[in-house]
Amino acid sequence: KRLFMQCPNCQNECSERATFCPICGEPFSDVLSPMEKTHAALFAFFLGALGLHDFLLGNPGRGVLKIILNICGFLVIPYIIWAIITFLDLRHISKGTYPTKTKRLVGDDSVAYALSVIFLVLFILGCLGIIGFYSLFLLPTYNLI
C-alpha cells in the first residue's frame, strides 16, 4: 500500500518518503518534520475539543476555533459543528490529507481510521442519549387515562 502526502506549496500528492516535490521542487525534509498519523489521531480523538492536534500540526486558527466551539458547547449547534470538524479531521489524518503547515503525516492509517469510526459512533450515541434524556425528563408527560 502506497502512502501519500500533499506538497504544502502546490498540493500535489507525493510519496510520504519523498524529500522534495517532483512537480514544484519544494523540499520536504527542511520544511516539514514527520509526525505519525497514529499520534495525530490520538491527539485529535482525546484532545480534539482543545484543538491540540491543530496546534501541533501548525494550524492555530483551527485550534482556537475548536476551543471557542467547545466553550459554547452547551448550545447544540456549536457542539454539532465541533463534532463534525473533529470527525473530518480524523478522516483527513487517516488519509494523509490534513492541511499541515509544520508536520508531515507518515505511518499507518488504520488507527486513525478506526478512531474516526469510534468517534462517529460515540457522537451518534451521545445525541441519542441527549434526545432520550429530554424525552424522559424534560418533556411533559401525558396521562392516557
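None of these values were measured; they are calculated from a predicted model. (Residues numbered from 1 in each chain as written. Predicted model: local features only at pLDDT ≥ 70, side-chain atom pairs only at ≥ 80, totals over all residues. Heavy atoms only, no water.)

1. As for helix α3 (residues 60-71)
Then, number 1: The end-to-end C-alpha distance of α3 is 17 Å, a good match for the 16 Å that 12 residues give at a rise of 1.5 Å each.
Then, number 2: Taken together, the buried positions of α3 are Gly-63, Lys-66 and Leu-69. Relative to the axis of α3, the buried residues are bounded by an arc of 125 degrees and lie together on one face. Across from the buried face of α3, at angles greater than 90 degrees, the exposed residues are Gly-61 and Ile-71.
Then, number 3: The inward-facing, buried residues of α3 abut α2 (52-56) and α4 (76-95). (Helix = DSSP H or I, 4+ residues; strand = E, 2+ residues; numbered from the N terminus. Expected span 1.5 Å × (residues − 1). Buried < 20%, exposed > 50% of the residue type's maximum accessible area, 1.4 Å probe, protein only. Arc of directions from axis to C-beta. Contact = heavy atoms within 4.5 Å.)

2. Thoughts on a nonpolar patch on the surface
Then, number 1: A cluster of nonpolar residues, Leu-42, Phe-46, Leu-47, Leu-50, Phe-55, Val-64, Ile-67, Ile-68, Ile-71 and Val-111, forms a patch on the protein surface that exposes about 860 Å² of accessible area.
Then, number 2: Sorting the residues of the nonpolar patch by element identifies α1 (37-47) and α3 as the ones contributing at least two each.
Then, number 3: When residues of the nonpolar patch are assigned to their parent elements, the largest contribution, four residues, is made by α3.
Then, number 4: The exposure class of Phe-46 is exposed, given its relative accessible area of 59%. (Patch = residues over 30% accessible without salt bridge, like charges linked within 9 Å, V, L, I, M, F, W, Y side chains within 5 Å. Areas by Shrake-Rupley, 256 points an atom, 1.4 Å probe, with all protein chains shown as cover. Salt bridge = Lys/Arg side-chain N within 4 Å of Asp/Glu carboxyl O.)

3. Thoughts on the pattern of salt bridges
Then, number 1: Enumeration over the complete set of coordinates arrives at four salt bridges.
Then, number 2: In this structure, Arg-62 and Asp-89 form a salt bridge, with 2.3 Å as the shortest nitrogen-oxygen distance. A residue pair is termed long-range when its members are at least 10 positions apart, and Arg-62 in helix α3 and Asp-89 in helix α4 qualify at 27 residues.
Then, number 3: Under the relative-accessibility criterion, Arg-62 is labelled partly exposed at 29%.
Then, number 4: A salt bridge links Lys-66 to Asp-89; the nearest nitrogen and oxygen atoms lie 2.0 Å apart. Residue Lys-66 is located in helix α3, and its partner Asp-89 is located in helix α4; the two are separated by 23 residues in the primary sequence.
Then, number 5: Judged by its relative accessible area of 1%, Asp-89 is buried.
Then, number 6: Sharing partners across several salt bridges, the network here consists of Asp-54, Arg-62, Lys-66 and Asp-89.

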